[in-house]
Every structure is written in structure tokens, then in C-alpha cells.
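Residue strings, one per chain:
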Amino acid sequence: MGNVGREGALAVLPAAMPTEPQHAVAARMLYFPAELLDCHACRLPLKPPIYKCEAEHRVCSTCSGLHGEACSSALVHSQMADEFAAAAREPCGYERYGCEAGGIAYHLAAEHRSSCPHAPCGCPEGCGFVGSRQMLLNHVSGPDHSRPIIDIRYGQEWKHSLPLSRRWYLLLGEETQAAGADRHRNVFLVSLGERGDTTAVSVVCVRADGGAPEAAQFSCRLAVEHPGDGTKVIFESPLVTSSSLPGGAPAPGGVRSLPVPNEYLSGDSIPLSIHIHKLEPPAAVPIPPTAVPLPPTTPAAATPSPRPAAATVTVASPSPHPVAATVTVASPPPRPVAATVALALQSPATDQSNKKRKATNPKKFSTANRS
């Protein structure tokens, strides 16, 4: 098996070996270029049902109609191509960070990686660390940074005075999982940065799979109160931005933030109030069972994009006639997930039960002034 580890190859699980003679036979793997399972037209991984023309071009069901016109040859369904596409496997690539998905169908691998909860994140300090969210918690709370991890509850206001000497803080959302399952809990980063004559306070959800359809979404409310007259500056965001922190904590102005004037500071600290709300997932629309979709004959009309979410900054005065200022910031569209084809090799289908490592719980910082 000299080709093991060779880039540009896919593993195909073979059919059952003959039973005679009945000797122990090691599992065999076949390797071939991954491009053989890419659509001849769109160059994306082929997904059953797969069609081929008289020139042996293999195309997906979406491209079959247009390819038939371009190639001027009849298209037929290729059962053998379907079987190969279903048998071709490749690993996620995030096994070292805790993914246990095993071999993934080639045409589903890119989709899995874009939504894998074990996709790595960076460290807010920008120290070069890369790891899963659980690894990040251990890294931040360990000897490398010795930072406390602050527990918060969704839907409840959290108040604390954050020293400016520490430019970032990690919050850990209280989920419904069993105790100790920190790897399933959402991590939030509160960043403090100078921006002109104000201090910009921002919140992001630390994760690489924020764009996945099943990923939980959050709204956020930040507020700071003037220590003298009680005037408040309030920032409300209908959707918290997600980031894997590839270069550390976001720079001031890199994400929407609460501008805190210097006169609202309490010494060298910000008396901050944070309220994070977990949004309810949209109701699933049942899709009636249908036959294999026919390829479109004309390009689909572009649908208008929805209105961007807006972040609101309000200055609330305690006087009977409050004055409010609203700033609308257009949310940038989500980054498209790049179509990637990782061409790692599939190991033989043997029992490879990995022992789960016990993640050490990072030290937690509990606050007594939750409301």
C-alpha cells in the first residue's frame, strides 16, 4: 500500500471478499483520483443520481439537462457511478480536535467540515494556538494565560466591572447538557479596544461552524451606566457574529460594538451589563416526498436578498424626556464556505474504538451579581 497518504486519491470500500478459502484476509483498499467523482460540468463532487453521456462524461442531476444539450448525446443513469460515489470515503480532517464522524461520503465531506462542531478556533491572544472549543478553554484557563472562564445564563443580565488592563474575556453559556460537557457549550468573547476617544466593547461567538443550519444563534444587549447621573448607553444586536478567531481577538471596528465614552468608565474599569439571548430555531417546513428532480432547463431567477440585520445604539437619559440616538449598521453577508476537496485517505474498515480523553474542566469564575 505504497499509495497510503497520497494526495489526490480517494478510498473505496471494496465488496465482500470471497469466503473460500477461509483464511484471514486483510481488508483491501483501492485508490483513484478524486476528480473521477467530480461532475464534468460543475466540477463539484458527484451525488447520486449520476448520469453519463455517450462520451462517458459523468454529470450530476442538476447539470444533466444542460450537458445533454452541449454534448448532443443521450444521457442515461449510471448505477455503477452511484455505487462508487456512495462507497468513496474520506476523513473529516478534524479528528485530532475530537471529531468522531469517521469516514464521510465524498460528496458530503465539504458540507460536514463546514458544520463540524470540532472545527478548530484560535486564541484571543493571537499566540498561535489552534484547537477545539474545549481545548481553547483549557488553554486559556491553564498556565499559558491563567484567565478565568465566566459562566453566564441565557436570558439573564450579567453585570461585572471589567478592568481595561485585560483586553478580552471568555464567557461560557450555560447549556442543558450534563455537567462537565463543556465541549458542547457555546463560548463568547468580550473584547475591549480603544477606538478614538471611546472604548469599543464587542461580543462574538467563538466557533468555526456558526454558518451551519443547525448552529444555535444568539442576540445580545450591552449596556453601560454613567457613574454620576445614571445615563445609560445601550447596544442591541439581533444576531451575534461568529468567528473562529484566526488572528486573535477582533480589532476595534472589526465587528459591531458598543462605544463607551471615557466619562462612563469607573476608574480603569468598565461597569458593563451583558444580556445574551438564545434564539429559537426557525420551524422546519415539511418537504413532501418527491421523485428525482428534473434538471432545470433555464437558469433560476435570482431571489432578492433579505434586509440586513441592524444593530442599535441608544443613549438613554434618566430625565422625564429621554433622548435616543439610533445608529443602523448593515450586517455583512455571511462568508461563503469555500468548496474544498480534502483528499486524505480512508483507513481500512476495522474496529478502531478510540478512547475518549477526559477533558479537564477549566476553572470557572462565578459571579454573585447575576440578576
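Residues numbered from 1 in each chain as written. Predicted model: local features only at pLDDT ≥ 70, side-chain atom pairs only at ≥ 80, totals over all residues. Heavy atoms only, no water.

Asker: Give a description of the side chain of Asp-82 that names residues and reports values.
Answerer: Summarising the element assignment, Asp-82 is placed in helix H2 (residues 79-87). Apart from residues lying up to four places away in sequence, Asp-82 is in contact with Pro-48, Pro-49, Ile-50 and His-77. (Helix = DSSP H or I, 4+ residues; strand = E, 2+ residues; numbered from the N terminus. Contact = heavy atoms within 4.5 Å.)

Asker: I'd like a rundown of the sheet that holds strand S5 (residues 75-77), residues and numbers included.
Answerer: The strand order across the open sheet built from three strands is S4-S3-S5, with neighbouring strands paired in antiparallel fashion. In this open sheet, the two edge strands, each paired with only one partner strand, are strand S4 (58-60) and S5. Strand-to-strand twist of the sheet, defined as the mean angle between neighbouring strand axes without regard to direction, takes the value 40 degrees. Strand direction decides the pairing type here: strand S3 (residues 50-53) and S4, joined by three bridges, are antiparallel. Residue pairing in the sheet places Tyr-51 in a bridge with Val-59 of S4. Sitting on the sheet, H2 is in contact with S3, S4 and S5, with an inclination near 135 degrees to S3. (Pairing = 2+ DSSP bridges. Axes fitted to C-alpha atoms, helices over the stretch in contact; angles between N-to-C directions.)

Asker: Quick one: what's the story with helix H4 (residues 133-141), residue by residue and with numbers?
Answerer: Burial analysis of H4 places seven of its nine residues in the buried class, the great majority of the element. Listing the buried residues of H4 in full gives Arg-133, Gln-134, Leu-136, Leu-137, His-139, Val-140 and Ser-141. Residues of H4 that are buried make contact with strand S8 (121-122), strand S9 (130-131), strand S10 (149-152), strand S12 (168-173), strand S13 (187-195) and strand S14 (198-206). (Buried < 20%, exposed > 50% of the residue type's maximum accessible area, 1.4 Å probe, protein only.)

Asker: Give a detailed account of the confidence of the model for the protein chain, specifying residues and quantitative values.
Answerer: Mean pLDDT for the protein chain: 74, with 64% of residues reaching 70 or above. Strand S21 (residues 364-365) is the least confidently modelled element of the protein chain, averaging 44 in pLDDT, while strand S15 (residues 218-225) averages 95, the highest of any element. Overall, residues 1-7 carries pLDDT values under 50, and its contacts beyond four positions in sequence, including any with other chains, amount to 10 contacts. pLDDT under 50 marks residues 290-308. Its contacts with residues more than four places away, or in other chains, come to 11 contacts. (pLDDT = per-residue confidence, 0-100.)

Asker: Can you tell me about empty space enclosed by the protein, naming the residues and giving the values?
Answerer: One pass over the full model with this rule turns up one cavity of 30 Å³ or more. The wall of the largest cavity is formed by Val-203, Cys-220, Leu-222, Phe-235, Ser-237, Leu-239, Val-240, Thr-241, Val-255 and Arg-256. Secondary-structure elements contributing two or more residues to the lining of the largest cavity are S15 and strand S16 (232-237). Looking at the lining of the largest cavity residue by residue, the class counts come to seven nonpolar, two polar and one charged. (1 Å grid on protein atoms, 1.4 Å probe; cavity = no way out; pocket = protein on both sides within 12 Å on 5 of 7 lines; lining within 4 Å. Points joined across faces, edges and corners; volume = space filled by probe spheres on them. Nonpolar A, V, L, I, M, F, W, Y, C, P; charged D, E, K, R; others polar.)

Asker: Could you give me a rundown of the pairing of S13, with the residues and numbers involved?
Answerer: The two faces of a sheet get side chains in turn, since along a regular strand they alternate between them. Taking burial as the measure, the nine residues of S13 include seven buried ones, the bulk of the element. Pairing of S12 with S13 involves five bridges; the strand directions are antiparallel. Looking at S13, one finds that Leu-172 is bridged to Val-187. Two elements, S13 and S14, share nine bridges in a ladder whose sense is antiparallel. Residue pairing in the sheet places Ser-191 in a bridge with Ser-202 of S14. Counting the residues that bridge the hairpin from S13 to S14 gives two residues, and of these Gly-196 lies at a positive phi of roughly 70 degrees.

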